[in-house]
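# Chains, contacts and geometry: an overview
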Amino acid sequence: MAPLNEHDEGKIKILHTWIERLCDPQDNLCAGLNKTLAKRLDSSLLANSGNAQLRRRVGSVSLKGITSLDELEILEEESEDQEVDGPVNIRKNDDTIFEGNYEQGVPHGYFRHLNTFGDLEFFGCFFRGTMVGVCWRSLPGGGFLISRSWDFTDSSMIYLYPDCRTGLVGSFQGCDLKSAQPSEVISCAKSCDFILIPIMSKPKDLIYSFDPASPAVFCRSPHLPDPYESLFVEVKPSQIANAGEGLYAKIDIDVGTVISFYNGVRVRSGHDWERPTPYKMLLDETSDIDLPENMTKLENYRATLGHKVCHSFEPNSETDVFYHPRFGLIRCIATIDNIKAGEEILINYGYNLSYAPTWYKVAWAKHQKIVRGLPDWKTALFMNNIQLGSRRSSWLSDYNA
């Protein structure tokens, strides 16, 4: 994406470097900041903290989360959560990190919490129990929320996609958007001493709202494309014989980049919400997501495009968990190699060969023939006691050619 004239690339680079430090578990970030609190914090920072709709006053901040003053009495009954005055620096064997500072029994200073997966649960600053400036948190997959309220419920919030350039601005409730518009980072400014806040461009005239897939309504705005995904990929005929449509890179893409989203109806693992489809994919330890057949065509659904990615045993991408503020917990497509513009995006579907479709078994056998130097692909099936069954896929004949 070519930078617009109003973009301050120098400031954007400063913001990106700052975010990297924010998420760096090796950086003992808050310890250094909290050593000079007297110089950094004073009561003038509370000037804009009186908005009754924002939750800024806290009772306690701990590994279990942030509690309001109303919840403090319950918290105090749990002795393990008691905080003493002074700095807090907890680094557990599971890579959990919690840093902060208490003064006279209340949070006072900078707090950071990284969970065992490296996600930023919270970063913010408090002056004698009241949050000042904005706070940050990351979501699984790489997005960030920036809010004036510690519970991330705010009518004027920012969500940054993993590129930390593309964003949504508007009203959010926790991790889910209520009503937001697409925008772009054009610069950054200080919200409170050390904490940076992105400066966003004028929002575009599109409205996004929370739209999780369900059996009753798969998507309320099926033709409203994702602004981030639209930067990276497009749909064109696949180069794989008889595979139909495929997903292609619109620009050169670096390894490790989230490029597309795979939305679907959430179902319990091993069960089908309606009937089995070739588009069902593992979501997490307990759930799968599935895409109904009528939503696989672009004329019916294009809010996400991940379902258009084709299979290869030599993939250039893979899937991962992603929390999207529009769709909730879904899967994403992320690159595992550098990809050139115009190159087809490919993942390994990873089907179990015992009940994989015929086309997949044949593709697997063809791959085994190459990597193992077998005389023909049918030998791979025979050696692994794999039966194709009586029904052949429409393009099995292509492999017999």
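Here's what I pulled together on the structure shown here. Because the structure is predicted, anything quoted here is derived from the model rather than measured. Residues take numbers from 1 onward in each chain, read along the sequence in its written order. Given that the model is predicted, a residue must reach a pLDDT of at least 70 before its local features are reported, and side-chain atom pairs must reach 80 or more before they are shown or counted; all residues, however, enter totals for whole chains, interfaces and linings. Side-chain calculation: all heavy atoms of the structure are included, whereas hydrogens and water are not.

## Here's the deal with unusual backbone geometry
- Phi is positive for Gln-104, which is not a glycine, with a value near 55°.
- Labels follow the DSSP assignment, with helices taken as runs of H or I lasting at least four residues and strands as runs of E lasting at least two, numbered in each case from the N terminus. Residue position: Gln-104 is located in the loop between β4 (97–103) and β5 (106–107).
- For Phe-152, which is not glycine, the phi dihedral falls at a positive 55°.
- Looking at the element boundaries, Phe-152 is found in the loop between β9 (144–147) and β10 (153–160).

## With respect to the environment of Pro-107
- With respect to the helices and strands, Pro-107 occurs in strand β5.
- Classification of residues uses two cut-offs on accessible area relative to the type maximum, computed with a 1.4 Å probe and protein chains only: under 20% is buried, over 50% is exposed, and between them is partly exposed. Relative accessible area serves as the criterion here: at 0%, Pro-107 is assigned to the buried category.
- Any two residues having at least one pair of non-hydrogen atoms within 4.5 Å are treated as being in contact. Sequence-distant contacts of Pro-107, defined by excluding residues within four places in its chain, comprise Val-58, Gly-59, Ser-60, Val-61, Asn-101, Tyr-102, Phe-126, Phe-127, Arg-128 and Gly-129.

## Details of helix α1 (residues 9–22)
- In this analysis, the expected span of each helix is defined as 1.5 Å times one less than the number of residues it contains. Here α1 contains 14 residues, and its C-alpha end-to-end distance of 20 Å stays within 8% of the 20 Å for a straight helix at 1.5 Å per residue.
- Residues of α1 that are buried: Ile-12, Leu-15, Trp-18, Ile-19 and Leu-22. Down the axis of α1, the buried set is contained in an arc of 120°. They therefore lie on one face. Set apart from the buried face of α1 by more than 90 degrees, the exposed residues are Lys-13 and Glu-20.
- Any pair of N or O atoms that falls within 3.5 Å is considered a polar contact. Within protein, one atom must be able to donate a hydrogen and the other to accept it, and sequence-neighbouring residues count only if both atoms are side-chain atoms. The distance from a side-chain oxygen at the start of α1 to the backbone nitrogen of Gly-10 is 3.2 Å, and the residue carrying that oxygen is Asp-8. As used here, the arc belongs to the directions running from the helix axis to the C-beta atoms.

## Section: the packing of aromatic side chains
- For Phe, Tyr and Trp, where Trp contributes only its six-membered ring, two rings pair if their centres lie within 6.5 Å, and the inter-plane angle classes them as stacked under 30 degrees, edge-to-face over 60, or tilted in between. Counted under the stated rule, the structure contains 18 aromatic pairs.
- Ring centres of Phe-111 and Phe-126 lie 5.7 Å apart, and the angle between their planes is 85°; this geometry places the pair in the edge-to-face category. One end of the pair, Phe-111, is in strand β6 (residues 109–114); the other, Phe-126, is in strand β7 (residues 120–127), with 15 residues separating them in the sequence.
- A relative accessible area of 0% places Phe-126 in the buried class.
- Here Tyr-161 and Tyr-228 contribute two aromatic rings whose centre-to-centre distance is 5.0 Å and whose plane-to-plane angle is 0°, an arrangement assigned as stacked. Taken together, the positions of Tyr-161 in the loop between β10 and β11 (166–173) and Tyr-228 in the loop between β13 (195–200) and α5 (229–232) put the pair 67 residues apart, joining distant regions of the chain. With respect to class, Tyr-161 is no different from Tyr-228; both count as buried.
- Among the aromatic residues, those joined into a cluster by ring pairs are Trp-18, Tyr-110, Phe-123, Trp-136, Phe-144 and Phe-194.

Limitation: the analysis is restricted to geometry and does not speak to function.
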